[in-house]
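Given next are the chains, with one letter for each unit.
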Amino acid sequence: MKKYFFAATFFAIFSCNNSNNSSLKNNTNNNMYKDYHTFAQPENAVVKHLSLNLNVDFEKNILSGFANWNIEMHNNASEIIFDTRDLIIEKIVLNDDSTAAKFELKPTVKFLGNALHIPISSNTKSVKIFYHTSPNASAVQWLQPEQTAGKKQKFMFTQSEAILARTWIPCQDGPGIRFTYDATIHCPKNLMAVMSVANNATELNKDGVYQYSQPKPIPSYLMALAVGEIAFKKIDNRCGIYAELPMVEKTAWEFADMGKMVDAAEKLYGAYAWGRYDVIVLPPSFPFGGMENPCLTFATPTVVAGDRSLVSLVAHELAHSWSGNLTTNATWNDFWLNEGFTVYFEQRIMEALYGKDYSEMLASLSVQDVKQTIKDLGEKNPDTNLKLNLKDRDPDDGMNDIAYIKGYLFLRLMEEKVGREKWDAFVKNYFSNHAFKSITTEEFVQVLNDSLITPNKEKLAEVNINDWIYSPGLPANAPVINSSRFDAVDVQINNFTKDNLVDKTIAAKWSTHEWLHFINNLPEKLSEKQLNDLDAEFHFTGSSNCEIADAWYVVALKNNYSKAFEAMDKFLCTVGRRKFLLPLYGEMNKTESGKKLAHQIYAKARSGYHSVAQQTLDEMLADKK
Ligand code: BES
Ligand code: ZN
């Protein structure tokens, strides 16, 4: 692993001596690194502000209008380069002039799309790109009324992370490039538009035009838009819920602690920088649990369980307001800096609000998951390193729970070694010193060395930072999670395994997490009778708690418990959250009869999934004969 570390250091020194080398990127920190997933050359010409003006066309399933970019030039740049994918560029003008400017759309590159080269001169201050999206733009999902909670109106939303912003906005689509934005969105008069801004409307505008602004600089992957029959309910002065009308009351009840979460987060790591913090609950096809769009987290309705048991998702997306949205991974190879820090911070918020015995259950479930991921990927697989190598790959392919949970454990280990007080002071400083900046893993290690390791040499000597970052698998010194609440569940699992008995009065008090631990740790092989008994007693099949239902259907598939299949089929045809789809299709895909079932369900369900879920499942279920 040393080898990797030296290679990275060498690269940094080498690049500083070659500032004219156009393959190297220079971000606002003046550091050098290569982001393989953008065509932009921000060291030559970089965007600073976007004025977006889009019409949302639900007939054609397209967005059309213009993106007017204010730009800044360095090194006598003669062109500015944008990322685009599946965009139709109609016309470009410079400095809001009336004459059409020249441009060139380069040939398609796999995963990345088409570079848009626009010649500029030293007096070019702005570049206005007139364009429309294609109906199959990967970021955008266009929903039919049947796919919504209200069932009456159409709905659309975008998902830009990691490199899909370029499918709906021509932009410099790298996480190291930040800009402010304002937007004018024209949509059907009976629908409302919301974006990743603090000044979203709370009521329908009669004219169907919404004007928004994000005065803080953000990277393109945080650009977001949702349009539908959306209602708002206030939680407190800075927090509220957006959702379709039938969901809004229920969601506001579910997330009633949002304000307290923001308070707890601020107490830990400094003031919330974004003004408002709202959540929008989207229709069930949203492919992720949540997405940390600034000021307005996008979330799946599958966390609205009716018992507030899945609110850690809000803590997670809120935590990104610091880790990710303030201090951002410079490239997708450094993804763990976004997600590992966020899981760590999420855990701390959950601990502050609900106590350590609660947050340790979450940690324990996560660690069980990551151990399985490592087993599945192989202990030597470089995709289990924290620092990834996603060159020539779709970043989405390398993003798994390693960044999240191995990242979390690494940070938790340092907290344990150095003590919470010192660690918290370090993290708080880290966020404030790197606010609105991007950072590579190597720079982070430098910061760690300078401010935490050097003054605490003895305590941190055994961490083996390079092992954690540049070696695969889970290092032997990973913190061990002990959950007393799960120990009590283990007793019941043992009793069930030996005597088919579960103490119902004990189980009646279990939270979702205890149930998940129970279901996930049942013996691999269960008899028909055992499955029937469990289902009759605890009603797992058809559970309205999607986490429990999903975990149970995996058990059902492993044991060919066909009584659960109809409900599973229904689940797979309504829910599009990729985290739930993969274990089920993956399990089906292991046997011949399962494959048949998978194809049969996927044929019905596919059109209802967002493109990121479709892409993963298309690959998984492709006939590789
Ligand atoms: N930023 C991620 C979602 C994401 C990651 C989208 C990579 C595209 C590429 C978000 O913050 C996230 O981590 N969501 C999790 C939920 C969380 C509670 C672990 C998810 O969607 O499951
Ligand atoms: Zn996250």
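Definitions and limits used
Residues numbered from 1 in each chain as written. Chains lettered and ligands numbered in written order. Predicted model: local features only at pLDDT ≥ 70, side-chain atom pairs only at ≥ 80, totals over all residues. Heavy atoms only, no water. Helix = DSSP H or I, 4+ residues; strand = E, 2+ residues; numbered from the N terminus. Rg over C-alpha atoms; globule rule 2.2 N^0.38 Å. Buried < 20%, exposed > 50% of the residue type's maximum accessible area, 1.4 Å probe, protein only. Contact = heavy atoms within 4.5 Å. Areas by Shrake-Rupley, 256 points an atom, 1.4 Å probe, with all protein chains shown as cover. Lys, Arg positive; Asp, Glu negative; His and termini not counted. Charge placed at Lys NZ, Arg CZ, Asp CG, Glu CD. Donors = N, O, S within 2.8 Å, 3.2 Å for Na, K, Ca; no water. Tetrahedral: all angles 85-135°; square planar, octahedral: opposite > 155°, others 65-115°. Salt bridge = Lys/Arg side-chain N within 4 Å of Asp/Glu carboxyl O. Domains from an automatic or database assignment. Pairing = 2+ DSSP bridges. Phe/Tyr/Trp six-rings, centres within 6.5 Å; stacked < 30°, edge-to-face > 60°. Axes fitted to C-alpha atoms, helices over the stretch in contact; angles between N-to-C directions. Parallel < 35°, antiparallel > 145°, perpendicular 65-115°, else oblique. Left-handed = near helix turned anticlockwise from the far one by under 90°. Nonpolar A, V, L, I, M, F, W, Y, C, P; charged D, E, K, R; others polar. Near = heavy atom within 4 Å. Polar contact = N/O pair within 3.5 Å; in protein donor to acceptor, adjacent residues only side chain to side chain.

*Asks:* I tried to follow the overall build of the protein on my own but got confused; where do I start?
*Replies:* Secondary structure assignment for the protein yields 21 helices and 22 strands. Taken over the C-alpha trace, the protein has a radius of gyration of 25 Å; the compact-globule value for 625 residues is 25 Å, and the two agree within 12%. Along the three orthogonal principal directions, the C-alpha set of the protein runs to about 80 × 65 × 55 Å. The buried share of the protein, reckoned over its 625 residues, is 59%. Look at the contacts in the protein between residues 6 or more apart in sequence, and 71% of them connect residues 24 or more apart. A total accessible area of about 25,300 Å² is found for the protein, and carbon and sulfur atoms account for 51% of it. Averaged over its 65 positive side-chain charges, the protein has a centre that lies 1 Å from the centre of its 74 negative ones.

*Asks:* I keep staring at the coordination of the zinc ion (ligand 2) and nothing clicks. Help me out?
*Replies:* Coordination angles at a metal have ideal targets, namely 109.5 degrees for four tetrahedral donors and 90 or 180 degrees for six octahedral donors. Distances from the zinc ion (ligand 2) to its protein donors, namely His-316 (NE2), His-320 (NE2), Glu-339 (OE) and Glu-339 (OE), fall within the range 2.0 to 2.7 Å. Each of the six donor atoms around the zinc ion (ligand 2) contributes to a set of angles spanning 54 to 158°, which defines the coordination as irregular. As a motif over one chain, the donors of the zinc ion (ligand 2) read H-x3-H-x18-E. Taken as a pair, His-320 in the loop between helix 4 (312-319) and strand 21 (327-329) and Glu-339 in helix 5 (residues 335-354) lie far apart in primary sequence, 19 residues in all. Since its relative accessible area comes to 0%, His-320 is described here as buried. Residue classification places Glu-339 among the buried positions, given a relative accessible area of 3%.

*Asks:* Help me understand the pattern of salt bridges, please; the structure alone is not making it clear to me.
*Replies:* Note on pairing: side chains with opposite charge can pair once their charged atoms come close. Considering all chains together, one arrives at 31 salt bridges under this definition. In this structure, the salt-bridge partner of Arg-412 is Glu-360, at a minimum N-O distance of 2.9 Å. One end of the pair, Arg-412, is in helix 8 (residues 401-418); the other, Glu-360, is in helix 6 (residues 356-377), and 52 residues separate them in sequence. The burial state of Arg-412 is the same as that of Glu-360; both residues are buried. Of the charged contacts in the structure, one is a salt bridge between Asp-618 and Arg-606, with a shortest N-O distance of 2.7 Å. With Asp-618 in helix 21 (residues 611-621) and Arg-606 in the loop between helix 20 (592-605) and helix 21, the pair connects residues that are twelve residues apart, well separated along the chain. Given the relative accessible area of 32%, Arg-606 is considered partly exposed. A single network of salt bridges, built from pairs that share partners, joins Asp-83, Arg-166 and Asp-173.

*Asks:* I'm lost on the domain arrangement of the protein in this one. Help?
*Replies:* How large an interface is tends to be reported as the accessible area lost when its parts come together. Partitioning the protein into domains gives domain 1 (330-470) and domain 2 (524-620). Distance between the C-alpha centres of domain 1 and domain 2: 31 Å.

*Asks:* Looking at this structure, how should I read the pairing of strand 3 (residues 45-57)?
*Replies:* Where a strand is regular, its side chains alternate between the two sheet faces. Looking at chain direction, strand 3 and strand 4 (residues 62-73) are connected through twelve bridges and run antiparallel. Pairing of Asn-55 across the sheet is with Ser-64, part of strand 4. The turn joining strand 3 and strand 4, which pair antiparallel and follow one another in sequence, is formed by four residues; a positive phi near 55° is taken by Asn-61. Alignment of strand 3 against strand 12 (residues 178-186), held across seven bridges, turns out to be parallel. Counterpart to Asn-55 in the pairing with strand 12 is His-186.

*Asks:* So what exactly am I meant to see when it comes to unusual backbone geometry here?
*Replies:* What you tend to see is this: most non-glycine residues have negative phi, and most peptide bonds are trans. A cis geometry characterises the amide bond from Glu-161 onward to Ala-162, with omega recorded as 0°. Position of Ala-162 among the secondary structure elements: in the loop between strand 11 (155-158) and strand 12. Despite not being glycine, Asn-464 has its phi angle at roughly 55°, a positive value. Turning to its location among the elements, Asn-464 is positioned in the loop between helix 11 (457-460) and helix 12 (465-470). Look at Asn-464 and you get partly exposed, because its relative accessible area is 43%.

*Asks:* Just checking my understanding: could you explain the packing of aromatic side chains for this structure?
*Replies:* Geometrically, a pair of aromatic rings is defined through the distance of the ring centres and the angle of the planes. Summed over all chains, the structure comprises 46 aromatic pairs. Centre to centre, the rings of Trp-336 and Phe-444 are 5.7 Å apart; their planes meet at 80°, and the pair counts as edge-to-face. Of the two residues, Trp-336 is situated in helix 5 and Phe-444 in helix 10 (residues 441-453); the sequence distance between them amounts to 108 residues. For the pair Trp-336 and Phe-444, a shared accessibility class is recorded, and that class is buried.

*Asks:* How should I be thinking about the packing of helix 18 (residues 565-574) against helix 19 (residues 578-588) in this particular structure?
*Replies:* A pair of packed helices is captured by two measures, namely the crossing angle of their axes and the spacing between those axes. In contact at an axis separation of 11 Å, helix 18 and helix 19 are set at 135° when each is read in the N-to-C sense. Considering the angle they form, helix 18 stands oblique to helix 19. Judged by the twist between their axes, the crossing of helix 18 over helix 19 is left-handed. Contacts from Met-568, Phe-571 and Leu-572 in helix 18 reach Phe-580, Leu-581, Leu-584, Tyr-585 and Met-588 in helix 19. A breakdown of the residues in the contact of helix 18 with helix 19 according to their chemical character gives eight nonpolar, no polar and no charged.

*Asks:* Even after reading the chapter, I still don't get helix 19, so can you show me in this structure?
*Replies:* An α-helical turn contains 3.6 residues, so any two residues separated by three or four positions project in the same direction. With eight of eleven residues buried, helix 19 lies mostly within the body of the structure. Of the residues making up helix 19, those classed as buried are Arg-578, Phe-580, Leu-581, Leu-584, Tyr-585, Gly-586, Glu-587 and Met-588.

*Asks:* Sorry if this is basic, but what is going on with the site of ligand 1 here?
*Replies:* Near ligand 1 you find 16 residues, and of these Glu-161, Gly-289, Glu-292, Glu-317 and Tyr-404 are the closest. In the environment of ligand 1, a nitrogen atom lies 2.7 Å from a nitrogen or oxygen atom belonging to the side chain of Glu-161. Here His-316 contributes a side-chain N or O atom positioned 3.1 Å from an oxygen atom of ligand 1. Burial of ligand 1 by the surrounding chains reaches 88%, relative to a free accessible area of 520 Å². Of all the elements in the fold, those that place two or more residues in the shell around ligand 1 are strand 19 (290-291), helix 4 and helix 5.

*Asks:* I'm lost on the side chain of Asn-329 in this one. Help?
*Replies:* Along the polypeptide, Asn-329 turns up in strand 21. A relative accessible area of 0% means that Asn-329 is categorised as buried. Leave out the neighbours within four places in its chain, and Asn-329 touches Pro-175, Asp-334, Phe-335, Asn-338, Ser-438 and Ile-439.

*Asks:* Would you take a moment to explain the sheet that holds strand 12 for this structure?
*Replies:* Sheet strands pair via backbone hydrogen bonds, and the direction of the pair is either parallel or antiparallel. Taken in spatial order, the six strands line up as 6-9-4-3-12-14 in an open sheet, and their pairing is mixed. Edge strands, defined here as strands with exactly one partner in the open sheet, are strand 6 (87-94) and strand 14 (209-219). Strand-to-strand twist of the sheet, defined as the mean angle between neighbouring strand axes without regard to direction, takes the value 15°.

*Asks:* Explain the packing of helix 6 against helix 8 here, please?
*Replies:* Contact geometry for helix 6 and helix 8: axes closest at 9 Å, N-to-C directions at 125°. Looking at the two axes, helix 6 sits oblique to helix 8. Both helix 6 and helix 8 take part in a crossing whose hand is left-handed. On helix 8, the residues touching Glu-360, Ala-363, Ser-366, Val-367, Asp-369, Val-370, Thr-373 and Ile-374 of helix 6 are Asp-401, Ile-402, Ile-405, Lys-406, Tyr-408, Leu-409 and Arg-412. Looking at side-chain class alone, the contact of helix 6 with helix 8 contains eight nonpolar, two polar and five charged residues.

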